[in-house]
Structures are given as C-alpha cells and as structure tokens.
Amino acid sequence: MYQTLWNSINKQVKDSHASAAFLAVSLIGWTTIGLLARFLICMIGGMSFVTKITVVLCSGGYTGLILGFFGGILYLYRSEPRHLADATPSQFSTTSKISLNTKTAARS
C-alpha cells in the first residue's frame, strides 16, 4: 500500500515536496480508516455515547499516528537511499584523522 501511494504522489508532486505530501496523505488515510473501523465496531457495542466518541477518536488518532505517520517514515527511510549518497566516506575519515591528531598533539 505504501509503495502504491508513494508512486502516485511522486508522479504528481515535485521531488522536494513528495515525502511531506506522502506523510500527510498517509496520516489522513490511516486516521480515516481507523475512525471508520472503530465507528462500525462501536455501533454494535452497548456503550454510552461519550464512551463511544472517546474510543472512536482515540483509536483513529493512534491508528493515524502509528500506521500513517511512523509507518510512512519507516517506509521512506527504507526506500530512499539518497541520504546515504550525500555523505562521502572521505569526509568522515578526514575529520576523524584531524581530531585524532589534535588529541594526540594535545597530550604531548
């Protein structure tokens, strides 16, 4: 599901805004699914109205947050290797050598 959503958003939105739009649509979609599912379940149960509203809103919010937002972040993290390509290994090795030499010189 995340792959289909990512492909459709990536075609319609600029690359710089695609991940933000993906997270927003994922959050809204999963919140709506959670609200509707819990609403249908609460219609059957014999709870008071206030309890039903509380349960519906909490389950919709948690579904949207966990599956929509955090699930979307994990999907983007696993599928987008561009952040790893930005940093070159030579930058890290040069920085560590300089700091190591500075520490060694300071001890002498």
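This text goes with the structure placed above it.
Before going into details, it helps to say that this report is about the structure given with it. (Residues numbered from 1 in each chain as written. Predicted model: local features only at pLDDT ≥ 70, side-chain atom pairs only at ≥ 80, totals over all residues. Heavy atoms only, no water.)

### Describing helix α1 (residues 2-12)
Thinking step 1. Taken as a whole, α1 has its buried residues at Tyr2, Leu5, Trp6 and Ile9. Buried residues of α1, seen end-on, are gathered within an arc of 100° and therefore sit on one face of the element. Structural note: α1 exposes Thr4 and Lys11 on the side pointing more than 90 degrees away from its buried face.
Thinking step 2. Tucked into the core, α1 has its buried residues touching α2 (15-44) and α3 (49-79). (Buried < 20%, exposed > 50% of the residue type's maximum accessible area, 1.4 Å probe, protein only. Helix = DSSP H or I, 4+ residues; strand = E, 2+ residues; numbered from the N terminus. Arc of directions from axis to C-beta. Contact = heavy atoms within 4.5 Å.)

### Here we look at the environment of Met1
Thinking step 1. Position of Met1 among the secondary structure elements: in the segment before α1.
Thinking step 2. C-alpha of Met1 to C-alpha of Ser26: the two residues are 25 residues apart in sequence and 9.8 Å apart in space.

### Re a nonpolar patch on the surface
Thinking step 1. Taken together, the side chains of Tyr62, Leu65, Ile66, Leu67, Phe70 and Ile73 define a hydrophobic patch exposed on the protein surface, amounting to about 550 Å² of accessible area.
Thinking step 2. In this structure, Ile73 sits in helix α3. (Patch = residues over 30% accessible without salt bridge, like charges linked within 9 Å, V, L, I, M, F, W, Y side chains within 5 Å. Areas by Shrake-Rupley, 256 points an atom, 1.4 Å probe, with all protein chains shown as cover. Salt bridge = Lys/Arg side-chain N within 4 Å of Asp/Glu carboxyl O.)

### Observations regarding the nonpolar core
It is characteristic of soluble globular proteins that their nonpolar side chains tend to be buried jointly.
Thinking step 1. In this structure, Tyr2, Leu5, Trp6, Ile9, Ala18, Phe22, Leu23, Trp30, Tyr75 and Leu76 together form the largest nonpolar core, which totals 10 residues.
Thinking step 2. Only α1, α2 and α3 provide two or more residues apiece to this core.
Thinking step 3. Each residue touching Ala18, except ones within four places of it in the same chain, is listed here: Trp6, Ile9, Asn10 and Val13. (Core = buried A, V, L, I, M, F, W, Y, C linked by side-chain atoms within 4.5 Å.)

### A word on α2
Thinking step 1. Its 30 residues give α2 an end-to-end C-alpha distance of 45 Å, which sits within 8% of 44 Å, the value for a rise of 1.5 Å per residue.
Thinking step 2. Among the residues making up α2, those that are buried are Ala18, Phe22, Leu23, Ser26, Trp30, Gly34 and Cys42.
Thinking step 3. In this structure, the buried residues of α2 make contact with α1 and α3. (Expected span 1.5 Å × (residues − 1).)

### What to know about the side chain of Ser26
Thinking step 1. Considering the arrangement of structural elements, one finds Ser26 in helix α2.
Thinking step 2. Since its relative accessible area comes to 2%, Ser26 is described here as buried.
Thinking step 3. Sequence-distant contacts of Ser26, that is, excluding residues within four places in its chain, are made with Tyr2, Leu5, Leu67 and Gly68.

### Concerning the packing of α2 against α3
Thinking step 1. Running from N to C, α2 and α3 point in directions that differ by 150°, and their axes come no closer than 7 Å. Relative to α3, the element α2 is oriented roughly antiparallel. Taken as a pair, α2 and α3 cross one another with a handedness that is right-handed.
Thinking step 2. For the contact of α2 with α3, the per-class residue count stands at 17 nonpolar, 10 polar and two charged. (Axes fitted to C-alpha atoms, helices over the stretch in contact; angles between N-to-C directions. Parallel < 35°, antiparallel > 145°, perpendicular 65-115°, else oblique. Left-handed = near helix turned anticlockwise from the far one by under 90°. Nonpolar A, V, L, I, M, F, W, Y, C, P; charged D, E, K, R; others polar.)

### A word on the packing of α1 against α2
Thinking step 1. Here α1 crosses α2 at 135°, and the two axes come no closer than 9 Å. With respect to α2, the element α1 is oriented oblique. Regarding α1 and α2, the two cross each other, and that crossing is right-handed. Contacts between α1 and α2 involve Tyr2, Leu5, Trp6, Ile9 and Asn10 from the former and Asp15, Ala18, Ser19, Ala21, Phe22, Val25, Ser26 and Trp30 from the latter.

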